[in-house]
Amino acid sequence: EGGSGFWTAATARAYARAGGRRVLFACGQARCEVRARAAARILEQAGVSARVVSAPTVGHHYDGAVAAQIETAVDWLRAPTAP
């Protein structure tokens, strides 16, 4: 919920160069989801895998429905990557 505005083409490339491989956005509001999907596209263009999980009607919370959505992506987020 938030943080998507940080990602520009330059920050995404810097993150990738520094070894960043994945970013997970978790949203509890529809507006967050729209912004997170835009940030995910920027990251993917820089070679970083990105996912957005959302429960867009629960508000600014990380428990309940948002936590359940995060749980669906934890294995992806924590999986080893090739060097």
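Conventions adopted
Residues numbered from 1 in each chain as written. Predicted model: local features only at pLDDT ≥ 70, side-chain atom pairs only at ≥ 80, totals over all residues. Heavy atoms only, no water. Helix = DSSP H or I, 4+ residues; strand = E, 2+ residues; numbered from the N terminus. Rg over C-alpha atoms; globule rule 2.2 N^0.38 Å. Buried < 20%, exposed > 50% of the residue type's maximum accessible area, 1.4 Å probe, protein only. Contact = heavy atoms within 4.5 Å. Areas by Shrake-Rupley, 256 points an atom, 1.4 Å probe, with all protein chains shown as cover. Lys, Arg positive; Asp, Glu negative; His and termini not counted. Charge placed at Lys NZ, Arg CZ, Asp CG, Glu CD. Salt bridge = Lys/Arg side-chain N within 4 Å of Asp/Glu carboxyl O. Core = buried A, V, L, I, M, F, W, Y, C linked by side-chain atoms within 4.5 Å. Expected span 1.5 Å × (residues − 1). Arc of directions from axis to C-beta.

**Some remarks on the overall build of the protein**
At step 1: Regarding its fold elements, the protein presents 3 helices and 2 strands.
At step 2: Against the 2.2 N^0.38 benchmark of 12 Å for 83 residues, the protein shows a C-alpha radius of gyration of 13 Å, consistent with a compact globule.
At step 3: When the backbone C-alpha atoms are referred to their principal axes, the protein occupies close to 35 × 25 × 15 Å.
At step 4: When each of the 83 residues of the protein is scored for burial, the buried share is 34%.
At step 5: In the protein, 68% of the contacts between residues at least 6 apart in sequence involve partners at least 24 apart.
At step 6: Accessible surface, the protein as shown: approximately 5100 Å² in total, 54% of it carbon and sulfur.
At step 7: For the protein, the centre of its 10 positive side-chain charges and the centre of its 6 negative side-chain charges are spaced 12 Å apart.

**Overview of the pattern of salt bridges**
At step 1: If you walk through the whole model with that rule in mind, you get 1 salt bridge.
At step 2: The residue Glu 33 makes a salt bridge to Arg 37 at a minimum N-O spacing of 3.0 Å. Note that Glu 33 and Arg 37 are positioned in helix H2 (residues 30-45) at a spacing of 4 residues, about one turn of the helix.
At step 3: With relative accessibility at 18%, the residue Glu 33 sits in the buried group.

**Regarding the nonpolar core**
At step 1: Ranked by internal contacts, the top residues of the largest apolar core, which has 14 residues, are Trp 7, Val 23, Phe 25 and Leu 43.
At step 2: Taken together, the elements giving at least two residues each to this core come down to helix H1 (9-17), strand S1 (22-27), H2 and strand S2 (49-54).
At step 3: Top element by residues in this core is H2. It accounts for 5 residues.
At step 4: With residues near it in sequence (within four places) discarded, Trp 7 still touches Ala 12, Tyr 15, Val 23, Phe 25, Ala 39, Ile 42 and Leu 43.
At step 5: The next biggest cluster of nonpolar side chains, apart from the first, holds 5 residues, and it includes Ala 26, Ala 55, Val 66 and Ala 73.

**A short note on H2**
At step 1: The first and last C-alpha atoms of H2 sit 23 Å apart over 16 residues, in line with the 22 Å expected at 1.5 Å per residue.
At step 2: Residues Cys 32, Glu 33, Ala 36, Ala 39, Ala 40 and Leu 43 constitute the buried set of H2. Taken around the axis of H2, the buried residues stretch over an arc of 130 degrees, which confines them to a single face. Within H2, the exposed residues directed more than 90 degrees away from the buried face are Arg 31, Val 34 and Gln 45.
At step 3: On the buried face of H2, the contacting elements are H1, S1 and S2.

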